[in-house]
Amino acid sequence: MKVLIISGTNHKGSTYTIGRIAAEKLTSAENISEVFLPRDFGEFCCGCTSCIVKSAEKCPHYAKLAPVTELIDAADVLILTSPVYVYHCTGQMKALLDHYAWRWMSHRPDERMFRKQAVVVSTAAGAGVKSAMKDMADSCFFWGIPQTYRLGRAIAAVDWQSVKPEIKESIEKKADSIARKILKRQGKVPVTLKTRAFFMIMSLMQRNGWNKADEEYWKEKGWTGKRRPWK
Ligand SMILES: Cc1cc2nc3c(=O)[nH]c(=O)nc-3n(C[C@H](O)[C@H](O)[C@H](O)COP(=O)(O)O)c2cc1C
């Protein structure tokens, strides 16, 4: 099983550490890849919408983004980690996610996404974990990933060393429970009713889509008919 950790900071703080703990419960170190933001991708979307209305290759940052995209495509499990910054994920994580708007189900999702699983990890000193995890989980859902697990915790600390042992223990337990589910579902990831329903709505809309690039893509894949990417 290949696991990719995308860290929403350059440093290996509490959030990255929890992501790494989860990854190591799933596979061996040689099967874990890591992307650090902004070290490995630090561009902001410039709003040209070329990726959406023309093609992903037309993004001015396409070449810089390509190595990250390749790692995402090759992974079975994506682990997105971000500390809470003012109630949300970090700006660099959001900037990366913005670059994949064209891959949302409302545009041109990649069929490999429908067989992956994801974990979103966040920590806060006090509050904001729920909204920061949602920032990342939204993209996972709209990319087509059918199962996304949430591993978030207010840790009452600003570094991992100061986190109380009982909090670390409860994080460990939650990571164990998520890892068990992922390992059980790997290879036959259940596609939820929510994903199926959203995909069906998109399928109807793409029969006469507003965006030619999307419409052609869906028709070519056979998704405006009965074919589905998870079958
Ligand atoms: C710019 C900034 C904004 C933050 N905003 C919040 C916040 O809204 N709520 C909160 O509880 N903690 C906030 N924190 C604290 C961090 O979320 C918390 O210490 C987190 O565990 C750090 O994770 P890390 O060790 O992975 O960097 C903020 C920290 C920084 C640097």
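Whatever comes next refers back to the structure up there.
Conventions adopted
- Residues numbered from 1 in each chain as written.
- Predicted model: local features only at pLDDT ≥ 70, side-chain atom pairs only at ≥ 80, totals over all residues.
- Heavy atoms only, no water.
- Near = heavy atom within 4 Å.
- Polar contact = N/O pair within 3.5 Å; in protein donor to acceptor, adjacent residues only side chain to side chain.
- Areas by Shrake-Rupley, 256 points an atom, 1.4 Å probe, with all protein chains shown as cover.
- Helix = DSSP H or I, 4+ residues; strand = E, 2+ residues; numbered from the N terminus.
- Nonpolar A, V, L, I, M, F, W, Y, C, P; charged D, E, K, R; others polar.
- Buried < 20%, exposed > 50% of the residue type's maximum accessible area, 1.4 Å probe, protein only.
- Contact = heavy atoms within 4.5 Å.
- Pairing = 2+ DSSP bridges.
- Axes fitted to C-alpha atoms, helices over the stretch in contact; angles between N-to-C directions.

Enquirer: Help me out: how do you make sense of the site of the ligand in this one?
Expert: Not every one of the 17 residues close to the ligand is listed here, only the nearest: T15, V84, T123, G126 and A127. Between the ligand and V84 there is a distance of 2.7 Å, counted from an oxygen atom to a backbone nitrogen or oxygen. A125 places a main-chain nitrogen or oxygen 3.3 Å from an oxygen atom of the ligand. For the ligand, whose unbound accessible area comes to 650 Å², protein coverage reaches 73%. Among the secondary structure elements, those contributing two or more residues to the shell around the ligand are α1 (14–26) and β4 (117–124). Across the shell around the ligand, the residue classes break down as eleven nonpolar, six polar and no charged.

Enquirer: Before we go on, may I ask you to explain the environment of I18 in this structure?
Expert: In this fold, I18 is placed in helix α1. Owing to a relative accessible area of 2%, I18 belongs among the buried residues under this scheme. Separated by 142 residues in sequence, I18 and W160 place their C-alpha atoms 9.3 Å apart. In this view, I18 contacts V121, T123, L151, W160 and I171; residues no more than four positions away in its chain are not counted.

Enquirer: Is there a simple way to think about the sheet that holds β4 in this case?
Expert: Within the open sheet, the five strands sit side by side as β2-β1-β3-β4-β5. Their pairing is parallel. Here the strands that pair on one side only, and so sit at the sheet edges, are β2 (32–36) and β5 (147–154). Across the sheet, the mean angle from the axis of one strand to that of its neighbour is 15°, orientation sign disregarded. Across five bridges, the pairing between strand β3 (residues 77–81) and β4 is parallel. Bridging across to β4, T81 finds its partner in V121. Relative to β5, helix α6 (residues 165–185) is tilted by about 175°, and along the sheet it contacts β3, β4 and β5.

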